[in-house]
Amino acid sequence: MTAPIGTLARNLTAIVAKASTAAWFETCAAIYDKERTLKLPGELRVNKAQRILGTIIAWCEKNGIPCRICVVKARQVGISTYAMAEGYHRCRERPTNVMVIGDEYDKSVKNLVNMFDLYAEKDTVDWGSDYKQPSKKFGNGSKMETETANDARAGASGT
């Protein structure tokens, strides 16, 4: 007996989404857009700026170069959205530490954390491990930490 087409499609989507942040973003992620409308899995498309960031990260990874990217972002082009998607995807993929640093903790960092949490809440892929929202820890050992750029030692001593 063969599996129903829907099951095969979900399995194939999960395989591709696990292999590529861009594929995961377009098929399994959800965000609130500029008008605060919830865009659900399958409604998103990676734009040029996001594709460039993803290409740089993939190149570093392929060439064994530690990837620590500080993004000085342009406004309203989706760089924060995609940077958080890259971090979330990496945390799901393998044990990883992600540091989110913004200029103000109460505003910018909180917005980025909320985006990360929404990715976890709406993600349609079964990664085989859980995500504990309050602690920002994953069952596979990954974790997301936050800092403010106003702290002169932000990110120090972490790996």
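Preceding block: the structure.
First, a word on scope: everything that follows refers to the structure included in this document. (Residues numbered from 1 in each chain as written. Predicted model: local features only at pLDDT ≥ 70, side-chain atom pairs only at ≥ 80, totals over all residues. Heavy atoms only, no water.)

### Structural notes on a nonpolar patch on the surface
Piece 1. A surface patch of nonpolar side chains, amounting to about 300 Å² of accessible area, comprises Leu 12, Ile 15 and Val 16.
Piece 2. For Val 16, the location among the structural elements is in helix H1 (residues 5-19).
Piece 3. Since its relative accessible area comes to 42%, Val 16 is described here as partly exposed. (Patch = residues over 30% accessible without salt bridge, like charges linked within 9 Å, V, L, I, M, F, W, Y side chains within 5 Å. Areas by Shrake-Rupley, 256 points an atom, 1.4 Å probe, with all protein chains shown as cover. Salt bridge = Lys/Arg side-chain N within 4 Å of Asp/Glu carboxyl O. Helix = DSSP H or I, 4+ residues; strand = E, 2+ residues; numbered from the N terminus. Buried < 20%, exposed > 50% of the residue type's maximum accessible area, 1.4 Å probe, protein only.)

### Observations regarding the nonpolar core
Piece 1. Formed by 31 residues in total, the largest nonpolar core has its most connected members in Trp 24, Phe 25, Tyr 88, Phe 116 and Tyr 119.
Piece 2. Counting only elements with at least two residues in this core, the list comes to H1, helix H2 (21-28), helix H3 (48-62), helix H4 (79-93), strand E3 (97-102) and helix H5 (105-122).
Piece 3. If you tally residues by element for this core, the top one is H5, at seven residues.
Piece 4. Among residues more than four places away in sequence, those in contact with Phe 116 are Met 84, Gly 87, Tyr 88, Cys 91, Tyr 131, Phe 138 and Met 144. (Core = buried A, V, L, I, M, F, W, Y, C linked by side-chain atoms within 4.5 Å. Contact = heavy atoms within 4.5 Å.)

### Structural notes on the packing of aromatic side chains
Piece 1. Taken as a whole and assessed by the stated rule, the structure comprises nine aromatic pairs.
Piece 2. An angle of 35° between the planes, with centres 5.2 Å apart, marks the rings of Trp 24 and Tyr 88 as tilted. You can see Trp 24 sitting in helix H2 and its partner Tyr 88 sitting in helix H4, a full 64 residues away along the chain. Here Trp 24 matches Tyr 88 in class, with each residue buried.
Piece 3. Taken together, a centroid distance of 5.3 Å and an interplanar angle of 85° make the contact between Trp 24 and Tyr 119 edge-to-face. Within this pair, whereas Trp 24 is found in helix H2, its partner Tyr 119 is found in helix H5, the two being separated by 95 residues in sequence. Here Trp 24 matches Tyr 119 in class, with each residue buried.
Piece 4. Here the aromatic cluster, defined as three or more aromatic residues joined through ring pairs, consists of Trp 24, Tyr 88, Phe 116, Tyr 119, Tyr 131 and Phe 138. (Phe/Tyr/Trp six-rings, centres within 6.5 Å; stacked < 30°, edge-to-face > 60°.)

In short, geometric facts, not functional conclusions.
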